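Working through the structure, step by step
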Amino acid sequence: MRQKALPFTKSQIETIVKQFGTPFHIYDERGIRENARRLKAAFSWVEDFREYFAVKATPNPHIVAMLHEEGFGADCSSLAELVLCERVGVTGHDIMFTSNDTPAEEYRKAMELGAIINLDDISHLPFLIKHAGLPEMLCFRYNPGDARFGNSIIGKPREAKYGLTRPQLTEAYRSAKELGVKRFGLHTMIASNELDPTHFVETARMLFGVAAELYNELGIKFEFVNLGGGVGIPYKPGDKSIDYEGISAGIREEYNCMPVPDSVRPRGIYFEMGRAITGPYGFLVSTVLHKKETYKDYVGLDACMAHLMRPGMYGAYHHITVLGKEDWPHDHTYDVTGSLCENNDKFAIDRPLPEIEVGDIVVIHDTGAHGHSMGFNYNGRLRCAELLLKADGTVKMIRRAESLDDYFATLDFSEFESSREANCATCKRCVG
Ligand SMILES: *Cc1c(COP(=O)(O)O)cnc(C)c1O
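As a starting point, this report considers the structure included with it. Being a predicted model, the structure only gives us computed values, none of them experimental.

Another point: the side chain of His365. Of note, His365 is situated in the loop between strand 15 (361-364) and strand 16 (385-389). Given a relative accessible area of 1%, His365 falls into the buried group. With near-sequence residues (within four places) excluded, His365 lies in contact with Lys4, Ala5, Leu6, Gly282, Phe283, His318, His319, Ile320 and Thr321.

Laid out in structure tokens, this is it:
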């Protein structure tokens, strides 16, 4: 059985568990920072290389601020994500606002912060101007439709709700230019969790081609192309991670072949990856509460879909390590479950694992992106804490666990409390 590495030892985790209890997500600062530096180094040939971290992947101020220190911007798609960035001091062109079906107040906030606005539809141009004003710089999201395959997770571009068609792009940039927009970018995102490096090279070729066409049609010089996110990570032990150097070299070739004068080539090549930046550096740590043997063998954790949705929601594979049993034979087969009254609340189905006992600590890998952030409160389950394993080996809590008071905060119990008091006055069952 192939293993996946952990950035901590069993005894280290036991100490952390004693202090914080389980479950929690823990993020590896050193891993995240080294990864950020690898990405930047791979694209150092680009005059203006930028990664806008997709905040929705791990919307924690400490993570966004750490990546900002590494020179990354933030990709936002909602008011909450914009406000989070504002509160950690990430503003202006350090924010790319790539939203869809966007409410007016979110455009107003994005404009107030000076973010780069990336429009998802041609009709959003008049909507933006009406509700938030005219930006100096603007970007549109291209959906190539049948011209590209997309991939299995995001689906066929033609079926995706995002972006403008190719003819709409020409119209949109033309009218933006006529309306007085001065600076332009071009965006696309047509894959998710894609591990094939050629996909990103083809996407770059496509965008460079469209940018060249739009230059010829409208005389627009693009300052940047934004290749979006969607870079995959090796969730399974046998998967190969994306080689930044490899995609960078492929994109560089396409860049140099772009059929425009040198002065028209975009200076900026941007990404807005989430998963690839933090995904492999997060771990959901949980304790085995119960074992159950019926038609199948079950292991019940103190974590559930409230903490990690991906396996239940789309059958995603997340590797599981039983701490201290890494070298044991994986000669048992378990469904690893949470406690929700939903049969898809399973972290793994028919997974070969070492023999598990109640009390064992189980680590679920690759939860650093789209893990905690997707969590929900179904069944009144509370979301857990997020911890940061700092580069110096210490641990910092960067989000506390939710409490029942948090859960009930939006409810008004006052009218029931007065009747409870009335009951108390007449009932003799409890003393004191
Ligand atoms: C979700 C999303 C991203 C990040 O996707 P990853 O798969 O995490 O890299 C980037 N841009 C947009 C517009 C998104 O919706």
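Axes are the key here: two packed helices are described by the angle between their axes and the distance separating the axes. Between helix 8 (residues 197-218) and helix 9 (residues 244-256), whose axes approach to 9 Å, the crossing angle comes to 25 degrees. As far as their axial angle goes, helix 9 and helix 8 are roughly parallel. Our pair here, helix 8 against helix 9, has a crossing hand that is right-handed. In this structure, helix 8 uses Pro197, Phe200, Val201, Ala204, Arg205 and Phe208 to contact helix 9, whose residues at the interface are Ile247, Gly250, Ile251, Glu254 and Tyr255.

Here we take up the site of the ligand. Close to the ligand lie 13 residues; Lys56, Gly230, Glu272, Arg275 and His370 are nearest. With respect to the ligand, the side chain of Glu272 contributes an N or O atom lying 2.8 Å from a nitrogen atom. Here an oxygen atom of the ligand and a backbone polar atom of Arg275 are 2.7 Å apart. Starting from 380 Å² of accessible surface for the ligand in isolation, the protein chains cover 91%.

One can describe the packing of helix 7 (residues 166-179) onto helix 8 by two numbers: an axis separation of 11 Å at closest approach and a directional angle of 50 degrees. It follows from the interaxial angle that helix 7 and helix 8 lie oblique. For the pair helix 7 and helix 8, the crossing hand works out as right-handed. For the pair helix 7 and helix 8, contact is made by Arg166, Leu169, Thr170, Tyr173, Arg174 and Lys177 and by Val210, Glu213, Leu214, Glu217 and Leu218, respectively.

Criteria and cut-off values
- Residues numbered from 1 in each chain as written.
- Predicted model: local features only at pLDDT ≥ 70, side-chain atom pairs only at ≥ 80, totals over all residues.
- Heavy atoms only, no water.
- Helix = DSSP H or I, 4+ residues; strand = E, 2+ residues; numbered from the N terminus.
- Buried < 20%, exposed > 50% of the residue type's maximum accessible area, 1.4 Å probe, protein only.
- Contact = heavy atoms within 4.5 Å.
- Axes fitted to C-alpha atoms, helices over the stretch in contact; angles between N-to-C directions.
- Parallel < 35°, antiparallel > 145°, perpendicular 65-115°, else oblique.
- Left-handed = near helix turned anticlockwise from the far one by under 90°.
- Near = heavy atom within 4 Å.
- Polar contact = N/O pair within 3.5 Å; in protein donor to acceptor, adjacent residues only side chain to side chain.
- Areas by Shrake-Rupley, 256 points an atom, 1.4 Å probe, with all protein chains shown as cover.

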